[in-house]
Amino acid sequence: MSKSLTKTKLIDPLILTLLQNIRGHRSKLKNLKSIEFDPNLSNIISNEVEFLNQNRRRIEKNVVDEALKRIDNKRFTNVVYGEGWNQGVLGIVASRIIEKSYKPTIVMTESNQDVLTGSVRSVKDYDVYQSLSDCKDNIIQYGGHKYAAGLKIKNSKMESLFLIRTKRICNGERPHNH
């Protein structure tokens, strides 16, 4: 390392990581590691991160509130859809719904005119990835693991996905109550 680099304080690694993960700014931040540490810049950046986080929390709360109104408590799964919901909060919204209902949950919104994007969360001992695998003929794309997954599905297939999942659960694979 050159002497000038060894004497230069680099930006706080935590702030760097946060910044690199801010959606839409990754390409602008690739070379950020070489910026000298500046307390004023650090404050500006932390304020921006806090503003973005508060905005995300507000969006999340609005979507959770809307989604909870659409839950059918008589069903063994939650499948909710909202037009215009922010795709970035679907997973946390599904988790929040499970906190209230303790049922496998899919939260979806549109990706484009014909495709819905969703996030799936599960409860103890219920494998949502296997459920999605069982329905793969109706799904454009999916991935994840036993307790969480993401998917894309044609808008016209949403009802069939719900029926297949409900049938599977009603045939003896009900989630355990906590």
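Structure shown above.
Note that the coordinates shown come from a computational prediction; the quantities given were computed from them, not determined experimentally.

Reading guide: rules and limits
- Each chain has its residues counted from 1, running along the sequence as written.
- Restriction of local features to residues with pLDDT of at least 70 applies here, the model being predicted, together with a cutoff of 80 or more for giving and counting side-chain atom pairs; totals for whole chains, interfaces and linings are based on all residues.
- Water and hydrogen atoms were dropped before computing side-chain values, which therefore reflect all heavy atoms in the structure.
- What counts as a helix is a DSSP run of H or I of at least four residues, what counts as a strand is a run of E of at least two, and both are numbered from the N terminus.
- Under the scheme applied here, a residue whose accessible area is under 20% of the maximum for its type counts as buried, over 50% as exposed, and between as partly exposed, the area being computed with a 1.4 Å probe on protein chains only.
- Under this definition, polar contacts are N or O atom pairs within 3.5 Å; protein pairs additionally need one hydrogen-donor-capable and one acceptor-capable atom, and for neighbouring residues in sequence, both atoms have to be side-chain atoms.
- In this analysis, two residues are considered to be in contact whenever any of their non-hydrogen atoms come within 4.5 Å of each other.
- We count Lys and Arg on the positive side and Asp and Glu on the negative side, and we leave His and both chain ends out.
- The salt bridge criterion pairs a side-chain nitrogen of Lys or Arg with a carboxyl oxygen of Asp or Glu, the two atoms within 4 Å.
- Aromatic rings from Phe, Tyr and Trp, taking only the six-membered ring of Trp, are treated as a pair when their centres fall within 6.5 Å; an angle between ring planes under 30 degrees marks them as stacked, one over 60 as edge-to-face, and anything in between as tilted.
- What we call a nonpolar core is a set of buried Ala, Val, Leu, Ile, Met, Phe, Trp, Tyr and Cys residues that are connected through their side-chain atoms within 4.5 Å.
- Note on pairing: DSSP must find at least two bridges between two strands before they are called paired.
- By convention, a crossover is right-handed whenever its connection, traced from the first strand over the helix to the second and viewed with the strands pointing away, goes clockwise.

A. Quick look at the side chain of T105. With respect to the element layout, T105 can be found in strand β2 (residues 105-110). In this structure T105 comes out as buried when scored by relative accessible area, which is 0%. At a separation of 3.1 Å, a polar atom in the side chain of T105 contacts the side chain of N78. Not counting chain neighbours up to four residues away, the residues in contact with T105 comprise N78, A94, I97, I98, S119, V120 and R121.

B. Quick look at the side chain of K103. The topology assignment puts K103 in the loop between α4 (90-101) and β2. Although K103 is buried, it makes no salt bridge; D72 carries the closest opposite charge, 6.5 Å away. With residues up to four places along the chain from it excluded, the contact list for K103 reads D72, N73, K74, R75, F76, T77, N78, I98 and V123.

C. Highlighting the packing of aromatic side chains. On inspection of all chains with the given rule, the structure shows one aromatic pair. Where Y129 meets Y142, the ring centres are 5.4 Å apart and the plane angle is 50°; that geometry is what we call tilted. Of the two residues, Y129 sits in helix α5 (residues 128-134) while Y142 sits in strand β4 (residues 141-145), which places them 13 residues apart along the sequence. Overall, Y129 belongs to the partly exposed group, its relative accessible area being 30%.

D. Main features of the nonpolar core. Counting 16 residues, the largest nonpolar core has I106, M108, V120, L132 and L151 as the members making the most contacts within it. Breaking this core down by element, the ones donating at least two residues are β2, β3 (115-121), α5 and β5 (148-154). Sort the elements by how many residues they give to this core and β5 lands first, with three residues. Apart from the residues within four sequence positions on either side, V120 is in contact with T105, I106, V128, L132, Y147, A148, A149 and L151. If you look at the next biggest cluster of nonpolar residues, it comprises twelve residues, including I71, V80, V89 and L90.

E. Region of interest: the pairing of β5. Two strands pair when backbone bridges link them, and β3 and β5 are joined in this way by seven bridges, in the antiparallel orientation. Bridging from a neighbouring strand, T117 pairs with K152 of β5. Of the pairings in the sheet, the one linking β4 to β5 comprises five bridges and is antiparallel in character. Within β5, the residue paired with H145 across the bridge is A148. Counting the residues between successive antiparallel strands, the hairpin from β4 to β5 contains two residues.

F. The pairing of β2, seen in detail. Burial analysis of β2 places five of its six residues in the buried class, which makes it a mostly covered element. Bridge count between strand β1 (residues 78-81) and β2: four bridges; the pairing is parallel. In the sheet register, N78 faces β2, and the bridge partner there is T105. Taken together, β1, α4 and β2 form a β-α-β motif whose crossover is right-handed. Where β2 and β3 come together, six bridges link them in antiparallel fashion. Bridge pairing in β3 places V107 opposite S119. The hairpin formed by β2 and β3 contains four residues between the paired strands.

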